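Descriptive analysis of the structure
Letter by letter, the chains look like this.
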Amino acid sequence: MAGRPLASGPLTIRVRDAFQETRMKKFAVAALALAASAAFAYPDKPVTIVVPFAAGGPTDKVARDLAEALRKPLGGQAIVIENVGGAGGTLGAGKVAKAAPDGYTLLLHHIGMATAPALYRTLPYKTLEDFEYVGMVNEVPMTLIGKPGLPAGSYADLQKWLGANQGKVNLANAGLGSASHLCGLLFQSTLKMEMTTVPYKGTGPAMTDLLGGQVDIMCDQTTNTTSQIESGKVKAYAVTTTKRLSTPALAKLPTLDESGLKGFNVSIWHGLYAPKGTPKAALDKINAALKVALKDPDFMKRQEALGAVIVTDARTNPADHKKFVEAEINKWTPVIKAAGQYAD
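So, how was this worked out
Residues numbered from 1 in each chain as written. Predicted model: local features only at pLDDT ≥ 70, side-chain atom pairs only at ≥ 80, totals over all residues. Heavy atoms only, no water. Salt bridge = Lys/Arg side-chain N within 4 Å of Asp/Glu carboxyl O. Helix = DSSP H or I, 4+ residues; strand = E, 2+ residues; numbered from the N terminus. Polar contact = N/O pair within 3.5 Å; in protein donor to acceptor, adjacent residues only side chain to side chain. Contact = heavy atoms within 4.5 Å. Pairing = 2+ DSSP bridges. Disulfide = S-S within 2.5 Å. Buried < 20%, exposed > 50% of the residue type's maximum accessible area, 1.4 Å probe, protein only. Axes fitted to C-alpha atoms, helices over the stretch in contact; angles between N-to-C directions. Parallel < 35°, antiparallel > 145°, perpendicular 65-115°, else oblique. Nonpolar A, V, L, I, M, F, W, Y, C, P; charged D, E, K, R; others polar.

**Details of the pattern of salt bridges**
Under the definition given, this model contains 13 salt bridges. Lys-95 is the salt-bridge partner of Glu-82, the closest N and O atoms lying 2.4 Å from each other. With Glu-82 in strand 2 (residues 79-83) and Lys-95 in helix 3 (residues 90-97), the pair connects residues that are 13 residues apart, well separated along the chain. Between Glu-328 and Lys-331 there is a salt bridge; the shortest N-O distance is 3.8 Å. Of the two residues, Glu-328 and Lys-331 both sit in helix 11 (residues 318-339), three residues apart, roughly one turn of that helix.

The structure is reproduced here in structure tokens:
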């Protein structure tokens, strides 16, 4: 009869199920499209770069310069610097390791990423497992300097003087785990010579005592030593890189490698990291932005003023960055363990 509803039966149920299945498939496709769209839109909110040291230090300066250079290639999005200092950089690194892996929390860290596994017997993260490696940023060379009244006029003279005064030489550093501490450890290990290590709470006090003649020698970053070398207030003996530096005040200094310490190479490098599991689409965008930032004229000028050398080789790629850090861990671990000096 016209207008009489159809009886419900197996056929009706099958049609209804098929309709529901089609709707679910369309919903799933729409969800995937939305997710893809969101990934493509990255970043759509401010990105935070965690610096695991106090504001105003060398690593903080690099981070702030980098943030400015990253802004444009990341679509003009704001880049926020968050200083999380303490425990030699391990607190800040630990925070990033546990952060949401969404691409909005990054870490800028220095050589401490490679030395912490040996300096700290207990770490809140695993360096090679808990981070995505984005790329290297720069390297800061170091210089071997001496107090004004040191009788040695060249590195060759210095090495003879060190040999003649074993057990009497005072080697200053800016504190356990600092760049100057690490350089000093490797210097002693390479020379197979023990010195009296004098740790300070920062480079400032260490430099003050070196200038005053209370300690004999120190190995520290060019960012901290160049002005003192230029003014002639300290004696400069060598640089720690395998190639001589082009900076006018340092160009005449030999490398420790060419001076007989074959293979000696220490620089304070910086790299960019993200929490493990950060989406590849976001990592690819960050890496691409990093490579643009490293060629930014203002960034290049600022790094040159710091005495830093911008990384331009394959280490700007994630895989090569990670290989480099792994090699650095293997390089520093035996040196630190042989010294028996731990930070915890």
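More follows now that the structure is in view.
**What about the side chain of Asn-138?**
Topologically, Asn-138 is positioned in strand 4 (residues 131-146). Here His-270 takes part through its side chain, which lies 2.8 Å from a polar atom of the side chain of Asn-138. With residues up to four places along the chain from it excluded, the contact list for Asn-138 reads Val-62, Ile-268, Trp-269, His-270, Gln-303, Ala-308, Val-309, Ile-310 and Val-311.

**Some remarks on the pairing of strand 6 (residues 196-199)**
Sheet topology places strand 5 (residues 170-173) next to strand 6; four bridges connect them, and they run parallel. Among the inter-strand pairings, Ala-172 is bridged to a residue of strand 6, identified as Val-198.

**Side note on the state of the cysteines**
Taken as a whole, this structure holds one disulfide when the rule is applied. Sulfur-sulfur distance for the disulfide between Cys-183 and Cys-219 comes to 1.9 Å. Where Cys-183 bonds to Cys-219 through sulfur, the torsion about that S-S bond is close to 60 degrees, and the disulfide is right-handed. Taken together, the residues Cys-183 in helix 6 (residues 179-191) and Cys-219 in strand 7 (residues 217-221) connect sequence positions 36 residues apart. The same class applies to Cys-183 and to Cys-219, which are both buried.

**Some words on the packing of helix 2 (residues 58-71) against helix 10 (residues 297-305)**
Two packed helices can be described by the angle between their axes and the distance between those axes. Remark: helix 2 packs on helix 10, axes separated minimally by 9 Å, with the N-to-C direction vectors making an angle of 170 degrees. Relative to helix 10, helix 2 is oriented roughly antiparallel. Note on element contacts: helix 10 touches helix 2 through Phe-299, Arg-302 and Gln-303, opposite Val-62, Asp-65, Leu-66, Glu-68 and Ala-69. Of the residues that constitute the contact of helix 2 with helix 10, the class distribution is four nonpolar, one polar and three charged.

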